[in-house]
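Each chain is listed here by its residues.
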Amino acid sequence: MLVVALLLALVGLATIHSASSELATDYSPRQALWLGLGLLVFFAAFLFDYQLLTSFGLTIYGGSLVLLILVLLIGKEAGGAQSWLGVGSVRFQPSEFAKIATALLLARYVAGCNRSVLKVNEILVASLIAAIPMALVSLQPDLGGAAMFVPMLAGVLLIAGIQWRLLVTAFVLVLALGAGVWNFAMFDYQKERIKTFVSPDRDPLGAGYQLRQSKIAVGSGRFLGRGYKQGTQSQLRFLPARHTDFILAVLAEEWGFLGVVTVLVLYFVYILNGAQVAMRARDRRGVLLAVGLLSGFSFHVLYNTAMVVGLLPITGIPLPFLSYGGSFILTNFAVTGLILGVDFRRHVNA
Amino acid sequence: MRVREHREELVLRLPVLRAVFSTLLVLVGGAYWFVQVVHGDFYLDLAENNRLRKYPLKAPRGLIRDRVGRLLVRNIPSYDLLMARDLSTDVQGSLTFAAKTLDLPFEELEAVLRSGKSKNQFRPTLLAEDLSLSQVAKFSAQALGHPEFEIEVGHRRLNVQGPNTAHFLGYLREVSAADLARPGTSYRAGDLIGRTGIEEAFDARLRGRDGERVVTVDSRGRPRRETRSKLALPGEDLTLTLDLELQEEAARYFIGRVGAVVALDPKSGEVLTLYSAPSYDPNLFSRRLDYAEWQELLADANHPLQNRSIQSTYSPGSIFKIVVALAGLGEGVIDPVETVRCTGSTKIYGRRFRCWKRAGHGRVNLHKAIKESCDIYFYYLGQTLGIERIARYARILGLGQKVNLDIAGEKAGLIPDIKWKLRARGEPWFPGETISVAIGQGPVLVTPLQLAAMMSTIANGGYRVLPHGLMGSGKTATQPIDLNPAHLARVKRALWSVVNEGGTGASAFVEGLDVVGKTSTVQVIEQKTWVNNRDLPFKQRDHAWFVSFATLGERQLAVAVFVEHGGAGSRVAAPLAKNLYEIYFRDQLALLSP
C-alpha cells in the first residue's frame, strides 16, 4: 500500500513538473519536499498506536475545531476561500487536519456503540461529529472540502450498521437539504458551476471554460497520449489549475487513456488494500478508523477523476498523491500511515 | 477480558462498500475511455483550434484613379479592436476596460458584442473601428492583463473625393449572410464587399486575395511561433474614364439642388461625369459597423443614396420632340418647309391642348418648331405618326431600355405603346394620349444617362454609343442605328439654333464652340392654366432638363443635365452644361482666342 502511494506520488511529481514547467516556478521540487515530509508523517502515523490516538480522539477533534475557528478569524484567503493558517512561513490548511481528527473521533465513538445495528440517537451523535467541522469548513467557504465529510460519515455508518428505514429517511432529508442549500445558502458562482455542468456549452467562455478546457485536454490525449510535456492544453496554459485539481487532465493529455488507466488501477489497488486492512482489523475501532479514512480517500479519488472528465460539477477536490498541495500530501500520507498502523497492530495484544 | 465485540458484522458489510467504490472507479474509467478513445479525435481537433490562431492578412484593395491618374480612392491603415470572447474570463470587466480606453459608453460596446456574437462564437468579434494611435498603445500596454483584445491592422477605404464621386464609385459594406451562402464564395464573415458603383461592378478585380498568418498561441494569446503563412495578393488598381475636374464642377453646381448630370464622350462612350444630387459621404459606410448616419441617410426625404443619373426615371418633356421629329422625317410624313399655325392652343379629338407659349408661335416649320419648342407643331406631328411609330423611333434612339453601363442598378424607363397599355392598364390606347406623348409628357420615362447616350448618337452621326466607366473596357461606337444621317443632320441644325440663334438653350452658348442642345421643362402636376412656377411648393415645381453636345474639331462631349423641381430648363439646367464645356474644351478655346 505504501508502495502504491509512493508510485502515485512519483507519477504526480513528474506530472506537476510537466504542468508547471511553463510557469515562473516549477512546483515539483516543492512537491518533492512535501513528499519527504509526508514520509515522516507516514511513519509517525504508522508508529502511533491507533488505540491511543482514538482514545485521545476527543482532544484532537477539539483541537482541530479550534484551528478551524481560528482560520475563520485570522486565516489567509486564497482562491476566494479563507482556508489557510500561517505560522511564520509555514502555512497549512486546518481542514485537512480536521478530516483525520473527525475520522479518529468517529471511529472511537461508533466503536463504542457496541451493537450490530446502530440506534437512532447514536447515528445522530455520529452525524453531529461530522457536521460541526463540515459546517466550519463550508463557512470558509470551501464546499468541496466540506463535502468530503459526508462520505466519511456515510462509510462509517454503513459499516457500523444502519437500518434501511433510516437510510431512506436520510436520503430524503439530504435531498430536501440540497434543495434548501441551492435556494438559500449557495453562492452564485457555485450555482453557476452546477448549471454549467449540466450544459457546458451554455457559456463556453465564462463559467464553462475550465470544464471545456479540461475535457479537451483529456480527450486530445486519446489512447496513447501526446507524450510527456507535449500536451498543448497544459503546455500552452489553456487549462487552469492544471498542477492542482486538474493534474489528472494533464496526465490524461500527455499519457492518454493508458496513463489514466494505470493511475486508476493504482488507486484501485490502494482501495482494495485499504479494505483488506479494515476487514482483518483486530477490533471495531480499527475497522471503523480504516473505513472512515478510506471512504474519504476514495471519495477524493472518485470525485476528482469524475470531475476532470466532466462527469461531475467542478469543485475544489484535489486528487490524492497526484495534486500539488502541502497539507493535502501530508494528510494522504497520514491516512496511509494510520491505515497501515491498524494493520500492523492486528497481532499485538493491547 | 473485554465484552465480546460486534466486529464480524462490520467486516461482513465491508465487501459492499468495496464493491461500491470499485464499481464507481470502473465507471469513471469507462468515462475516460469514452472521452479519450471514442471521442479523442474530436477533442484533439479542439485542442488544435485552441492552439493555432489564424490571422487573415487582408489584401489591400486596388486603388481607383480618374482618367488622368488623379487618385479617387485609396486605402488608409486602420486599427480595429477585436475581442476574442473565449479568452476573456470576465466579459463585463473586459468591456469596462475597453469602454474606458475608447471613451465610449459601456452599453454601446455591449450591444456591439452581442450583435457580433451570433456570427461566430470562436471568431474574435469586431468591437470598434479606427482606433487612434494612443488608444492602440493603451491596449498594447494592457495586452497581458487583457489577452482577449487584439488590434487588427487593416485597410480602410477612403474615397478621397467623398460625396463628389459617391454614386459613381460606390461604397463597401460587410458581406451579408446571403453573400456568404452563395456556393463557391471566397468571402469570409467580416470581409468587405463593394455594394454600389464601381466598387461593386469590379469588386472581384479590386479586392485581391487575402493571405493568412497561422500562429501558435498560448492561452493568453501570446504568439509562440509562426507556421504556414500565406501572403496577401493586392487587388488590381483601376483607371476610370471619369474626369475629376468635370465631376467637381458638377458637384459644385448641384449644391442646394436635386438632380443628376451625365457627361459622355459621344464616340468612345467614356463616362466623364456622372453625378447625382444630393450626395452622401461614402466613407461613412465603408466600415463594418453600423452608424447612426446610415439610418439618417435612409430616412432622408431626398433619398441621397439614390443614383438619379441611372436609377431615377423622369418625363423627358420637350426633349422628346427630337425623337418625334426624327420619326416624322424617317417616316416621310413631314416636309421640313411645310408650316403649321400655332395660336397658343388647339383642339384635337375634341380636347384642348395648349402650347407652352400662350401667345402662340404663329407659322412654324420643323426647324422653328424645334428651335422654339412649339408644342402645337408636335401635337399635329404626333397625331399623324401615331404611338407605334413614335415608340419605334424612341427605341432606335435607345430610350426605354437599359444602356448597360458597367455600374449596376440602371432603370430601363418606359416608352409606352399599344401593347404596353393593354398589358399594364388593361385598356386600349387612346389616340388622345399620343398627343401628350408627342411632347414628352404622359407615361414616357427616361433616365439622364439614356438622354446623354441619345445625344451622343446624334453627335457622332448615328452610331450606338456604349457608355462605360472603366478606362479601356468599352468599344468606340461603330454600330450604326437605323436612321438616315441626313435626317439627323437636319435635326442637329435645328438644335444648334436652339443654343446659338436665340432659342431656349441660349444660356449654354459658348463662344467658339458648337453647342447643340434642347431644353425641357416638365410639369410635375398637370396645370389647367398657365401658372407661374415660382408660386408652387417645391415638390410641385417643374423639372428642368438640358441635353446637349458640343463639338470642337475632333473632340466632342455630350451632357444631360436634370434638375428636379428646378423650374425652367433654359435657366436652371443649361448653365451647368455650359460650365462643363468650358472646362472640357478650355485648352482648345484658349488657342482660339489669344
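Residues numbered from 1 in each chain as written. Chains lettered and ligands numbered in written order. Predicted model: local features only at pLDDT ≥ 70, side-chain atom pairs only at ≥ 80, totals over all residues.

Helix and strand content of chain A: 15 helices and three strands. The contacts of chain A with a sequence gap of at least 6 include a subset with a gap of at least 24, amounting to 72%. (Helix = DSSP H or I, 4+ residues; strand = E, 2+ residues; numbered from the N terminus. Contact = placed C-beta atoms within 7 Å.)

What follows concerns unusual backbone geometry. Excluding glycine, a negative phi dihedral is what most residues carry, and trans is how most peptide bonds are arranged. Pro-278 of chain B follows Ala-277 of chain B through a cis peptide bond whose omega is -5°. With respect to the helices, strands and loops of the structure, Pro-278 of chain B is situated in the loop between strand S12 (271–277) and helix H11 (292–299). Even without being glycine, Phe-321 of chain A reaches a positive phi, approximately 75°. Since 30 C-beta atoms lie within 10 Å of it, Phe-321 of chain A is described here as buried. Unusually for a residue other than glycine, Asp-103 of chain B sits at a positive phi of about 60°. On the secondary structure map, Asp-103 of chain B appears in the loop between helix H3 (91–102) and helix H4 (106–117). (Buried ≥ 20, exposed ≤ 12 C-beta atoms within 10 Å, placed from the backbone.)

Attention shifts here to helix H15 (residues 326–344) of chain A. Taking 1.5 Å of rise per residue, 19 residues should cover 27 Å, and H15 of chain A covers 26 Å from first to last C-alpha, within 8% of that figure. Along H15 of chain A, 16 of the 19 residues are buried, which leaves the element largely enclosed by surrounding structure. (Expected span 1.5 Å × (residues − 1).)

Contact residues are listed per partner, giving 40 residues for chain B and 48 residues for chain A. Counting only elements with at least two residues in the side of chain B that touches chain A, the list comes to helix H1 (8–38) and helix H2 (40–51) of chain B. At 19 residues, H1 of chain B tops the list of elements feeding residues into the side of chain B that touches chain A. Its residues assigned to classes, the side of chain B that touches chain A comprises 20 nonpolar, ten polar and ten charged. (Nonpolar A, V, L, I, M, F, W, Y, C, P; charged D, E, K, R; others polar.)

Another aspect to go through is the nonpolar core. With 122 residues, the main nonpolar core has Ala-263, Ile-390, Ala-452 and Val-559 of chain B as its most contacted residues. Residues Leu-13, Ala-252, Ala-278 and Phe-321 of chain A belong to the second largest nonpolar core, which totals 116 residues. (Core = buried A, V, L, I, M, F, W, Y, C linked by C-beta atoms within 7 Å.)

Our next topic: the sheet that holds strand S21 (residues 555–563) of chain B. The strands making up a sheet associate through backbone hydrogen bonding, with each pair oriented either parallel or antiparallel. All names here are of chain B. Reading across from one edge, S12-S11-S21-S20-S19 is the order of the five strands in this open sheet, with antiparallel pairing throughout. Each of the sheet's edge strands pairs with one partner strand only, and the pair in question is S12 and strand S19 (514–522). Across the sheet, the axes of successive neighbouring strands diverge by a mean angle of 5°, strand direction being ignored. Those strands touched by helix H19 (residues 448–459) are strand S11 (259–264), strand S20 (543–552) and S21, and its axis lies near 150° from that of S21. Sheet strands touched by helix H22 (residues 574–584): S11, S12, S19, S20 and S21. Its angle to S21, the strand with the most contacts, is close to 155°. (Pairing = 2+ DSSP bridges. Axes fitted to C-alpha atoms, helices over the stretch in contact; angles between N-to-C directions.)

Let us now look at the environment of Glu-501 of chain B. Residue and element names in this part refer to chain B. Assignment of secondary structure puts Glu-501 in the loop between helix H20 (485–500) and S19. Judged by local crowding, Glu-501 falls into the partly exposed class, with 13 C-beta atoms found within 10 Å. In the structure, Glu-501 is positioned 130 residues away from Lys-371 in sequence and 8.5 Å away in space, judged by C-alpha atoms.

Here the focus is the packing of helix H10 (residues 244–253) of chain B against H22 of chain B. Residues and elements named next belong to chain B. Closest axis-to-axis distance for the H10/H22 pair is 10 Å, and the angle between their directions is 155°. In terms of orientation, H10 lies roughly antiparallel with respect to H22. In the crossing of H10 with H22, the sense of the turn from one axis to the other is right-handed. Contacts between H10 and H22 involve Glu-245, Leu-246, Glu-249, Ala-250 and Tyr-253 from the first element and Leu-576, Asn-579, Leu-580, Ile-583 and Tyr-584 from the second. Partitioned by chemical class, the residues of the contact of H10 with H22 number seven nonpolar, one polar and two charged. (Parallel < 35°, antiparallel > 145°, perpendicular 65-115°, else oblique. Left-handed = near helix turned anticlockwise from the far one by under 90°.)

Below, the discussion takes up the confidence of the model for chain B. Detailed reading of predicted coordinates is not advised where the pLDDT is low. Of all residues in chain B, 92% have pLDDT values of 70 or greater, and the mean over the chain is 86. Scored as a complex, the prediction yields pTM 0.62 and ipTM 0.84. (pLDDT = per-residue confidence, 0-100.)

Turning to the pairing of strand S3 (residues 71–83) of chain B, a few remarks are in order. Residues and elements named next belong to chain B. Strand direction decides the pairing type here: strand S2 (residues 64–65) and S3, joined by two bridges, are antiparallel. Across the sheet, residue Arg-65 finds its bridge partner in S3, namely Leu-71. In this structure, the hairpin formed by S2 and S3 is closed by a connection of five residues, where Gly-69 is found at a positive phi of approximately 95°. The pairing of S3 with strand S5 (residues 149–159) spans eleven bridges and is classified as antiparallel. The partner of Met-83 across the bridge, within S5, is Phe-149. As defined by bridge partners, S3 adjoins strand S4 (residues 125–128) across three bridges and the pair is classed as antiparallel. Counterpart to Leu-81 in the pairing with S4 is Ala-128.

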